[in-house]
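Residues per chain, in single letters:
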Amino acid sequence: MAQNQRPTTFLDSFGEEIIRILTPVSICMFLVVLLVSILNSNSSASVTSIATIAYSETSSDSSWDKFLGALLNSLAFVAVVTVATFILVLLFYLRCTKFLKIYMGFSSFVVLGFMGGEIALFFIEEFSVPIDCISYLVVLFNFAVVGVLAVFMSKMAILVTQGYLVLIGMFVAYWFTLLPEWTTWVLLVVMALYDLAAVLLPVGPLRLLVELAMSRDEDIPALVYEARPVTHHDSGSGENTVRRRVWRERRNVRHDSEDNSNLDGNVVSDSNSTVVAVQHCHNGSIIARVEEGQVSEGNAELSAPLIDHRMNGQDGMSTESLVLEGMGLGSSGAIKLGLGDFIFYSVLVGRAAMYDFMTVYACYLAIVAGLGITLMLLAFYQKALPALPVSIALGVLFYFLTRFLLEVFIVQCSLNLVMF
Amino acid sequence: MTVAAGIGYALVALGPSLALFVSVISKKPFLILTLLSSTLVWLISLIILSGIWRAFLPLNSATWWPFAILLFTSVAFQEGLRLLFWKVYKRLEDIMDAFADRVSKPRLYLTDKMQIALAGGLGHGVAHAVFFCLSLLTPAFGPATYFVDRCSQIPFFLVSAIIALAFVMVHTFSMVIAFNSYAEGNKVDQLFVPVVHLAAGMMTLINFASGGCIVGIPLLYLMAILTLMHCGRMVSRRLTENHRQGSS
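Quick caveat: nothing in here was measured; it's all calculated off a predicted structure.

About the criteria used
- Residues numbered from 1 in each chain as written.
- Chains lettered and ligands numbered in written order.
- Predicted model: local features only at pLDDT ≥ 70, side-chain atom pairs only at ≥ 80, totals over all residues.
- Heavy atoms only, no water.
- Helix = DSSP H or I, 4+ residues; strand = E, 2+ residues; numbered from the N terminus.
- Buried < 20%, exposed > 50% of the residue type's maximum accessible area, 1.4 Å probe, protein only.
- Areas by Shrake-Rupley, 256 points an atom, 1.4 Å probe, with all protein chains shown as cover.
- Rg over C-alpha atoms; globule rule 2.2 N^0.38 Å.
- Core = buried A, V, L, I, M, F, W, Y, C linked by side-chain atoms within 4.5 Å.
- Contact = heavy atoms within 4.5 Å.
- Salt bridge = Lys/Arg side-chain N within 4 Å of Asp/Glu carboxyl O.
- Expected span 1.5 Å × (residues − 1).
- Bend = angle between axes of the 7 residues up to and from the residue.
- pLDDT = per-residue confidence, 0-100.
- UniProt positions renumbered as here; feature names shortened; annotations may be inferred.
- Patch = residues over 30% accessible without salt bridge, like charges linked within 9 Å, V, L, I, M, F, W, Y side chains within 5 Å.
- Disulfide = S-S within 2.5 Å.
- Polar contact = N/O pair within 3.5 Å; in protein donor to acceptor, adjacent residues only side chain to side chain.
- Pairing = 2+ DSSP bridges.
- Axes fitted to C-alpha atoms, helices over the stretch in contact; angles between N-to-C directions.
- Parallel < 35°, antiparallel > 145°, perpendicular 65-115°, else oblique.
- Left-handed = near helix turned anticlockwise from the far one by under 90°.

**Details of the overall build of chain A**
When its secondary structure is counted, chain A shows 12 helices and three strands. When each of the 420 residues of chain A is scored for burial, the buried share is 55%. Total accessible area on chain A is roughly 17,200 Å²; 66% of this is exposed by carbon and sulfur atoms.

**Digging into the overall build of chain B**
The helix and strand tally for chain B stands at seven helices and zero strands. In chain B, the succession of α and β elements from N to C terminus is α-α-α-α-α-α-α. Against the compact-globule benchmark of 18 Å for 248 residues, chain B has a radius of gyration of 19 Å, which places it among compact chains. Projected onto its principal axes, the C-alpha positions of chain B cover 60 × 35 × 35 Å. Expressed as a percentage of the 248 residues in chain B, the buried residues total 53%.

**Quick look at the nonpolar core**
Here is a general trend for soluble globular proteins: nonpolar side chains tend to be buried in one another's company. In terms of nonpolar packing, the biggest core is built from 182 residues, with Tyr345, Ile392, Phe409 and Phe420 of chain A together with Phe131 of chain B touching the most fellow members. The dominant element in this core, judged by the number of residues it contributes, is helix H5 (residues 156–184) of chain B, at 18 residues. Residues contacting isoleucine 392 of chain A, with those up to four places away along its chain left out, are Leu188, Ala192, Phe344, Tyr345 and Leu348 of chain A. In terms of nonpolar packing, the next biggest core, distinct from the first, is built from 10 residues, Val89, Leu212, Ile220 and Ala222 of chain A among them.

**With respect to the interface of chain B and chain A**
Chain B puts 66 residues into the contact, and the matching count from chain A is 50 residues. Here chain B is connected to chain A by zero salt bridges. Only helix H2 (29–53), helix H3 (65–102), helix H4 (110–133), H5 and helix H6 (187–205) of chain B provide two or more residues apiece to the side of chain B that touches chain A. Among the elements that take part in the side of chain B that touches chain A, H2 of chain B stands out by supplying 15 residues, more than any other.

**With respect to helix H1 (residues 2–23) of chain B**
All names here are of chain B. Compared with an ideal rise of 1.5 Å per residue, which puts 22 residues at 32 Å, H1 spans 29 Å between its outermost C-alpha atoms and is within 8% of the ideal. Along its length, H1 reaches its greatest deviation from straightness, about 60 degrees, at leucine 14, and the proline proline 16 lies no more than four positions downstream. Within the sequence span of H1, burial applies to Ala5, Gly6, Tyr9, Ala10, Ala13, Leu14, Ser17 and Leu20. Residues of H1 that are buried in the fold lie against H4 and H5.

**As for the confidence of the model for chain A**
Residues and elements named next belong to chain A. Taken as a whole, chain A shows an average pLDDT of 74; of its residues, 69% reach a score of 70 or greater. Looking across chain A, the model is least confident in helix H9 (residues 271–279), with a mean pLDDT of 33, and most confident in helix H10 (residues 339–353), with 93. Between residues 234–326, whose pLDDT stays under 50, and residues either more than four places distant or in other chains, the model counts 246 contacts.

**Some points on the UniProt feature "transmembrane region" (unreviewed entry) in chain A**
All names here are of chain A. Taking the UniProt record as the reference, the feature "transmembrane region" (unreviewed entry) is found at residues 21–39, 70–94, 106–124, 136–152, 157–176, 182–206, 361–381 and 387–406. With 96% helix and 0% strand, residues 70–94 has its two end C-alpha atoms placed 36 Å apart. As annotated, residues 387–406 comprises 95% helix and 0% strand, and the C-alpha atoms at either end are separated by 27 Å.

**Some thoughts on a nonpolar patch on the surface**
Residue and element names in this part refer to chain A. The grouping of Phe30, Leu34, Ile38, Phe127, Val129 and Ile131 at the surface amounts to a nonpolar patch, some 520 Å² of accessible area in total. The greatest single-element share of the nonpolar patch, amounting to three residues, is contributed by helix H1 (residues 16–39). With respect to the helices and strands, valine 129 occurs in the loop between helix H3 (97–127) and helix H4 (133–152).

**Brief notes about the UniProt feature "transmembrane region" (unreviewed entry) in chain B**
Residues and elements named next belong to chain B. Following the UniProt record, the feature "transmembrane region" (unreviewed entry) maps to residues 6–25, 30–52, 64–85, 116–137, 157–179, 191–209 and 215–235 here. Here residues 157–179 runs as 100% helix and 0% strand, with 33 Å between its end C-alpha atoms. Helix makes up 100% of residues 215–235 and strand 0%, whereas the separation of the span's terminal C-alpha atoms amounts to 31 Å.

**Focus: the state of the cysteines**
Under the defined criterion, the tally for this structure stands at one disulfide over all chains. Two residues, cysteine 151 of chain B and cysteine 213 of chain B, share a disulfide whose sulfurs are 1.8 Å apart. Torsion about the S-S bond of the cysteine 151 of chain B and cysteine 213 of chain B cystine: about 95 degrees, corresponding to right-handed handedness. Residue cysteine 151 of chain B is located in the loop between H4 and H5, and its partner cysteine 213 of chain B is located in helix H7 (residues 213–247); the two are separated by 62 residues in the primary sequence. With a relative accessible area of 6%, cysteine 213 of chain B lands in the buried category. With no disulfide of its own, cysteine 413 of chain A lies 14 Å from the sulfur of cysteine 133 of chain B, the closest cysteine sulfur.

**Here we look at the side chain of glutamine 78 of chain B**
Positionally, glutamine 78 of chain B belongs in helix H3. What makes glutamine 78 of chain B buried here is its relative accessible area of 3%. Among the polar contacts listed, one links the side chain of glutamine 78 of chain B to the side chain of serine 45 of chain B, at a separation of 3.3 Å. Setting aside residues up to four positions removed in sequence, glutamine 78 of chain B forms contacts with Phe420 of chain A together with Trp42, Ser45, Leu46, Leu49, His124 and His197 of chain B.

**Focus on the environment of leucine 49 of chain B**
Position of leucine 49 of chain B relative to the elements: it lies in helix H2. On the basis of relative accessibility, which here comes to 2%, the residue leucine 49 of chain B falls in the buried class. Separated by 24 residues in the primary sequence, leucine 49 of chain B and threonine 73 of chain B place their C-alpha atoms 8.5 Å from one another. Contact partners of leucine 49 of chain B, with chain neighbours within four places excluded, come to Phe409 and Phe420 of chain A together with Thr73, Ser74, Phe77 and Gln78 of chain B.

**Here's the deal with the pairing of strand S3 (residues 335–338) of chain A**
All names here are of chain A. Where burial is concerned, the two faces of S3 agree: the one with Ile335 and Leu337 and the one with Lys336 and Gly338 are both buried. Here strand S1 (residues 224–226) runs beside S3; their pairing, made up of three bridges, is antiparallel. Residue pairing across strands places glutamate 226 opposite lysine 336, the latter belonging to S3.

**Focus on the packing of helix H6 (residues 181–200) of chain A against helix H7 (residues 205–216) of chain A**
Residue and element names in this part refer to chain A. Where H6 contacts H7, the axes come no closer than 5 Å and their chain directions differ by 40 degrees. With respect to each other, H6 and H7 are oriented oblique. In this structure, H6 meets H7 at a crossing whose hand is right-handed. Judged by residue contacts, Tyr194, Asp195, Ala198, Val199 and Leu200 of H6 engage Pro205, Leu206 and Arg207 from H7.

**With respect to the pattern of salt bridges**
Residues and elements named next belong to chain B. All chains considered together, the criterion is met by 12 salt bridges over all chains. Where glutamate 79 meets arginine 82, a salt bridge forms, and the shortest distance between an N and an O atom there is 3.0 Å. Of this pair, glutamate 79 and arginine 82 both sit in helix H3, three residues apart, roughly one helical turn. Across the pair, exposure class does not vary: glutamate 79 and arginine 82 are buried alike. Arginine 237 is the partner of glutamate 241 in a salt bridge, and the nearest nitrogen-oxygen pair spans 3.6 Å. Remark: arginine 237 and glutamate 241 occur in helix H7; sequence separation between them is four residues, near one turn of the helix. Overall, glutamate 241 belongs to the partly exposed group, its relative accessible area being 35%. Residue class for arginine 237 comes out partly exposed when judged on its relative accessible area of 32%.

As structure tokens, then:
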């Protein structure tokens, strides 16, 4: 049949980058929900951390007291986060990048080793796994070290790096779900507001950081998830090229390298650049920062500058500051999402899982919708945008709507076997 | 009744949709996005409906006519929303055609449009199955099970999973029929979809009679099979017409 060989429409690959960032976010959320539902029986494990110094919730307090206590907790947490972010901006300004990188590595090691270790201990307790101390320690140590190498050295397989980033996000998110309930919800809302302020206000620390990084053409040492770049085999142009765009433009001609020179500050020295360089470099020469390539006939792609969003996750054991970036675009045209966003989305969904699964599904859809809206705004405004506020707002809204409205309705209908 | 039973119930309700997802929808990223947005839209419709009806709940479950009113309003609302969904899709289709022209790729084929309709319908079906069946399945993973008085031969979870499967089929293929009929302007088919939806809803009212589910559920499946057959006939007709047009 002659129809079999007809050219494919653009629908085949439209929206692929969005899916490539949605998949790890969904996997992280799913893993956190799984962890929460399996390990939730020992809900007496309460965590003392910076986020609970002002008030520890007991179930006998009145609602107003709980709310006020939660607010105090969250404000204390955000204050610590702000101070830490400003210190980071200062360090970055003074060009202590080596120190920052080592600190990042150290904090990843702590998350993977200690938090991961504690969660593994919960599992061992729950399922009575027969394992001895020494094997456990050896395995844990190796796991943590490989994780640090994967996240900060660029030569690992991209799947390993992405996997470890998702795991780090999962561990921190699980720890946050151990906070008391009111504190968690108020903390989420306050962090979303902080994110909004820090990225959009002129004195916001994240905005300062982004501007510093862009003006210096450097990359920020940060924990960022970068999706695999989409490569298009365009039969029209006859060669395999990778589109490299930072600013949204529809171009059908070879683009100038001058335009590309500020492109690159965001070369995060991770395996993506090597993958990209190896696969498709049109003119063969791999310039360290800037790669030019012929733009394949213009599929308009999302482009936006880096958005920074820092998150300092703290726990009772050590003060670690994980520097994480928000949403942006890597040099190879792939979408980047900061690990802090992964963490807070998963915290929201994990907390929803502690109530019921209906809220989990509703909050998942809300967060995905928020992510989609943020991506569209990104493509529209083309400046640094925070990834948290829209998703968290929608997520919290849907959680309360589902919990108080939908559940009663559905249970009423279902139990009488009346469905539509 | 243990994890195996819980997963079994979930797969009874969502197995065919999972198969559809893996074979058709996961191949094209845009269809996954359509699925997610469609599920979100129907979730919002359920939330709005529950908001409207919250004041009247809990209904006295001895009488059936309050539920009939509830069903009627809900189905009417959802069908209205389907029309809105179609209008939004039409605008999106125009944008996508313009985009395709700009990047000098072929415009959307008929199969592409039908796949988008299928993804939209699957989103509706998945929303129904997830919220009416899956979200209540949590106790099924535990050691015991639960029976409803009116349908006491099989566990409640299995009944709701079976009903959810029927509704998934109805919703998925109704969307394809609806989109095709709006595109062609075929009035009969445009009416077919709301009528089938309402009829399917009314069938579940039969479950109110004691032991009524023995009658109600097969009738529901009759509706589902009717929808499937009608959709199949319509799609094959359109495709052969299109092919004849294309090759002539």
